[in-house]
Amino acid sequence: MAEGTKTTLLLNGEIWQDGSLIKAGVKIVDGKIDEIITDQHLPAEATTVIDVAGKMILPGGVDIHAHIQDGAETFYYGTCSSLKGGITTVLDMPPFKTVTNEIQCKKRIEWGKKEAVADFGLIGGILIDLEDLENLNEIKECGVHLFKIFMLSCPSMELLWKSVQFAARTGMRLVVHMEEPTLLNTVDWNDPLGFVKANPPSAENVAVAHLLEMARSAGAPIHVCHVSSARTAELIDTYKGWGVDVTAETAPHYLLLNENEFYSQPDRVVVTPALRTAEDNRVLWQALEDGVIDAIISDHFLGALPVSSSVRRSAQDAEPGIAGLEVTLPLLYDRGVRAGNISLKRLIETISSKPAALAKIDYRKGKIAEKMDADLLVFDPRESWTVKTLGKNSRISTLPYEGWQLEGRIEKTLVRGKVVWDGKNILCEPGWGDYIPADNKNSKK
Ligand SMILES: [Zn+2]
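All residue numbers refer to position in the chain's written sequence, counted from 1. Given that the model is predicted, a residue must reach a pLDDT of at least 70 before its local features are reported, and side-chain atom pairs must reach 80 or more before they are shown or counted; all residues, however, enter totals for whole chains, interfaces and linings. With hydrogens and water excluded, all non-hydrogen atoms of the structure serve as input to the side-chain values.

## Quick notes on helix α6 (residues 201–218)
Every α-helix carries 3.6 residues per turn, so stepping three or four residues along brings you back to the same face. How we decide: Secondary structure elements are taken from DSSP: a helix is a run of H or I of four residues or more, a strand is a run of E of two residues or more, and numbering for both begins at the N terminus. For a helix, the expected span equals 1.5 Å multiplied by the residue count minus one. Any two residues whose heavy atoms approach within 4.5 Å are treated as being in contact.
Given a rise of 1.5 Å per residue, 18 residues ought to cover 26 Å, and the 26 Å separating the end C-alpha atoms of α6 matches this to within 8%. Along its buried surface, α6 packs onto α4 (157–170), β11 (173–177), β12 (222–224), α7 (230–241) and β13 (246–250). Where α6 terminates, the next one or two residues include G219, which has phi positive at roughly 70°.

## Observations concerning the sheet that holds strand β8 (residues 119–122)
Quick reminder of the rule: Pairing between two strands is assigned when DSSP locates at least 2 bridges connecting them. Fitting a line to C-alpha atoms yields each axis, with helices limited to the stretch in contact; the angle taken between N-to-C directions then spans 0 to 180 degrees.
Taken in spatial order, the three strands line up as β6-β7-β8 in an open sheet, and their pairing is parallel. The sheet is open, and its two edges are formed by β6 (61–66) and β8, each paired on a single side. The average undirected angle you get between the axes of adjacent strands in this sheet is 25°. Against the sheet, helix α1 (residues 75–84) touches β7 (87–92) and β8, its axis set at about 140° to β7. Strands β7 and β8 of the sheet are contacted by helix α2 (residues 102–115), whose axis makes an angle of about 165° with β8.

## Digging into the coordination of the zinc ion
Counted only if it meets this: Water is not among the atoms examined, so metal sites may look incomplete; donors are the N, O and S atoms within 2.8 Å of the metal, or within 3.2 Å for Na, K and Ca. The classification of residues rests on relative accessible area computed with a 1.4 Å probe and restricted to protein chains. Under 20% of the type maximum is buried, over 50% is exposed, and intermediate values are partly exposed.
Coordination of the zinc ion by the protein involves H65 (NE2), H67 (NE2) and D299 (OD), with metal-donor separations of 2.1 to 2.2 Å. With a relative accessible area of 0%, H65 lands in the buried category. For D299, a relative accessible area of 12% gives the class buried.

## Structural notes on unusual backbone geometry
The omega angle of the peptide bond from G125 to I126 is -15°, so this bond is cis rather than trans. Looking along the chain, the bond that leaves T272 and enters P273 is cis, with omega of -5°. Along the chain, P273 turns up in the loop between α9 (261–264) and α10 (278–290). Even without being a glycine, R416 presents a positive backbone phi close to 45°. Topologically, R416 is positioned in the loop between β16 (405–415) and β17 (418–421).

## Some details on the pairing of strand β1 (residues 7–17)
Counting buried positions along β1 gives nine out of eleven residues, so the element sits mostly inside the fold. Count of turn residues in the β1/strand β2 (residues 20–29) antiparallel hairpin: two residues, of which D18 carries a positive phi of about 50°. The pairing of β1 with strand β4 (residues 48–51) spans four bridges and is classified as parallel. Its bridge partner lying in β4, L10 is registered against I50.

## Let's talk about the packing of α6 against α7
Going by this rule: Every angle not falling under 35 degrees, over 145, or within 65 to 115 is termed oblique; those three ranges are roughly parallel, roughly antiparallel and roughly perpendicular. By the definition used in this description, the sense in which the near helix is turned from the far one sets the handedness, with an anticlockwise turn below a right angle giving left-handed and a clockwise turn giving right-handed.
Packing of α6 against α7 leaves a shortest axis separation of 9 Å and a crossing angle of 15°. The orientation of α6 with respect to α7, classified from their angle, is roughly parallel. Between α6 and α7 lies a crossing of right-handed hand. Contacts from E204, N205, V208, A209, L212, E213 and R216 in α6 reach R231, T232, L235, I236 and Y239 in α7.

## Looking at the packing of α1 against α2
Just so we agree on the cut-off: Put simply, Ala, Val, Leu, Ile, Met, Phe, Trp, Tyr, Cys and Pro go in the nonpolar bin, Asp, Glu, Lys and Arg in the charged bin, and everything else, Gly too, in the polar bin.
Between α1 and α2, whose axes approach to 8 Å, the crossing angle comes to 60°. One finds that α1 runs oblique with respect to α2. α2 is crossed by α1, and the crossing has right-handed handedness. Residue-level contacts link F75, Y76 and T79 of α1 to R108, W111, G112 and E115 of α2. For the contact of α1 with α2, a count of residues per class yields three nonpolar, two polar and two charged.

## Observations regarding the domain arrangement of the protein
Rules: Each domain's extent was defined by an automatic or database domain assignment. Here the quantity called buried area is the accessible surface, traced with a 1.4 Å probe, that two parts lose on coming together, added over both. What counts as a salt bridge is simple: a side-chain nitrogen of Lys or Arg found within 4 Å of a carboxyl oxygen of Asp or Glu. For the purposes of these results, a polar contact is taken to be a pair of N or O atoms within 3.5 Å, where, inside protein, one atom must be able to donate a hydrogen and its partner to accept one; residues adjacent in sequence count only when each atom of the pair is a side-chain atom.
Segmenting the protein into domains produces domain 1 (7–57 + 373–384 + 391–421) and domain 2 (61–358). Put simply, the middle of domain 1 and the middle of domain 2, counted by C-alpha atoms, are 27 Å apart. In this assembly, 33 residues from domain 1 lie in contact with 40 residues from domain 2. On the domain 1 side of the contact with domain 2, R395, P400 and Y401 bury the most area, a combined 23% of that side's loss. For the pair domain 1 and domain 2, the number of links is four salt bridges. Its salt-bridge partner being E402, residue R268 comes within 2.9 Å of it at the nearest N-O pair. Counting the contacts that link domain 1 with domain 2 gives 14 residue pairs in polar contact (both at pLDDT 80 or more). Counting residues per element, the ones that place at least two in the side of domain 1 that touches domain 2 are β15 (376–386), β16 and β17. For the side of domain 1 that touches domain 2, the element with the most residues is β16, which contributes eight residues. A breakdown of the residues in the side of domain 1 that touches domain 2 according to their chemical character gives 17 nonpolar, nine polar and seven charged.

## With respect to the nonpolar core
The tendency in soluble globular proteins is for nonpolar side chains to be buried as a group. The following threshold applies: Here, nonpolar core refers to any group of buried Ala, Val, Leu, Ile, Met, Phe, Trp, Tyr and Cys residues whose side-chain atoms link them within 4.5 Å.
Of all hydrophobic cores here, the largest spans 138 residues; its most connected members are I64, M178, L347, L376 and Y401. The residues that make up this core include at least three from each of domain 1 (7–57 + 373–384 + 391–421) and domain 2 (61–358).

## Brief notes about the sheet that holds β12
Backbone-to-backbone hydrogen bonds pair the strands of a sheet. The strands run either parallel or antiparallel. If you trace the six strands from one edge of the open sheet to the other, you get β9-β10-β11-β12-β13-β14, paired in parallel fashion. Each edge of the open sheet is held by one strand with a lone partner, namely β9 (124–127) and β14 (295–296). Bridge count for β12 against β13 is three bridges, and the pairing is parallel. Within the sheet, the bridge partner assigned to H223 lies in β13 and is T247.

Here it is, written out as structure tokens:
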């Protein structure tokens with residue numbers, strides 16, 4: 001063993017390998033996976049040995065849609081949430097006009113490198129003016145591969161079309177919050193379902209049809225943010241069938257919650273797109289399983305710092321957004337895999353390997369294999385627990401899942417071989433998180 005080399009062994013676990021769990025160990029050297037140990041021989045030398053008998057070893061999650069330096073959230077606390085939830089790499093969704101050129105991009109990378117505890121990447125944008133496109137090619141050189149438009153703040157068809165053409169030209173994937181503003185209505189706050197009715201699925205469906213046709217015409221790679229409705233999944237499926245390079249994501253709240261939540265906890269479910277029906281939930285689970293939807297994301301957003309869970313508001317006064325990084329993976333394991341809505345294989349593909357590929361960071365992330373970063377979860381599939389605040393600065397008291405009973409818990413989270421969450425505490429300092437640039441070398445110029 002070379003001097004200064006740090007070797008960690010995880011022994012006796014069930015390790016996710018190429019689509020199934022196998023009994024094995026993992027040898028980690030200097031933050032990288034060095035060997036998957038399937039026979040009985042044990043390397044003689046190891047700085048740290050962790051017995052993980054009875055536990056699953058899963059690849060760390062990659063969340064490509066989380067607002068971690070936006071609203072009341074910060075790189076530090078946002079990435080603390082992600083480690084608690086087994087998300088080892090998080091792509092920061094920027095506020096408007098903050099990642100549109102090299103100077104802005106570098107500033108944000110430095111900011112993240114000082115504060116983050118999980119590894120992170122950036123999404124470009126959010127574009128709202130034509131001038132935001134002028135120097136956008138610079139962000140590709142900084143390692144950004146995805147860039148975003150939020151249609152509710154997109155002033156013109158021209159910006160949409162030019163952005164689609166930019167995606168076609170550069171190979172960078174255009175990520176769009178798809179809702180056509182013309183189809184939204186004023187909310188009647190006296191009606192418990194007023195918010196849902198004012199934000200109908202048709203606004204999403206019309207926008208998606210429009211954008212997909214633009215992407216088809218231009219030959220552009222495009223990504224549908226947080227699919228909420230069954231009809232949207234049908235459209236994506238159809239366009240995928242026609243060979244359009246469309247990918248899509250959804251969030252736990254579109255799978256696990258529906259509009260009925262507005263009768264019991266309206267202040268915790270004000271999100272756009274709005275929650276839909278139980279039938280939409282069912283179709284989206286199927287779309288995830290079938291590969292129509294590619295990624296699970298949290299769309300973590302914290303509009304204001306959490307207050308005591310006993311303080312409740314009306315929907316009208318609610319902070320919009322759901323800060324779900326801490327629980328996305330365990331929720332999807334319990335209500336998805338255990339409940340028979342999705343296979344473990346698809347859960348891991350959609351929460352780790354495919355989002356890593358979409359962000360072009362799959363040269364280091366999203367898979368348990370030799371030479372990859374040792375971003376690993378020690379997951380106890382049998383431990384029962386109740387969703388409640390996970391220690392200091394937890395965001396769970398704002399969540400619609402507070403109080404849910406789940407089976408399956410993240411016991412430890414490792415980032416580049418270091419245990420950074422032990423089920424109780426964050427064990428690294430701000431700045432442990434590193435910036436992970438996209439491998440843009442092979443995409444078009
Ligand atoms: Zn978002």
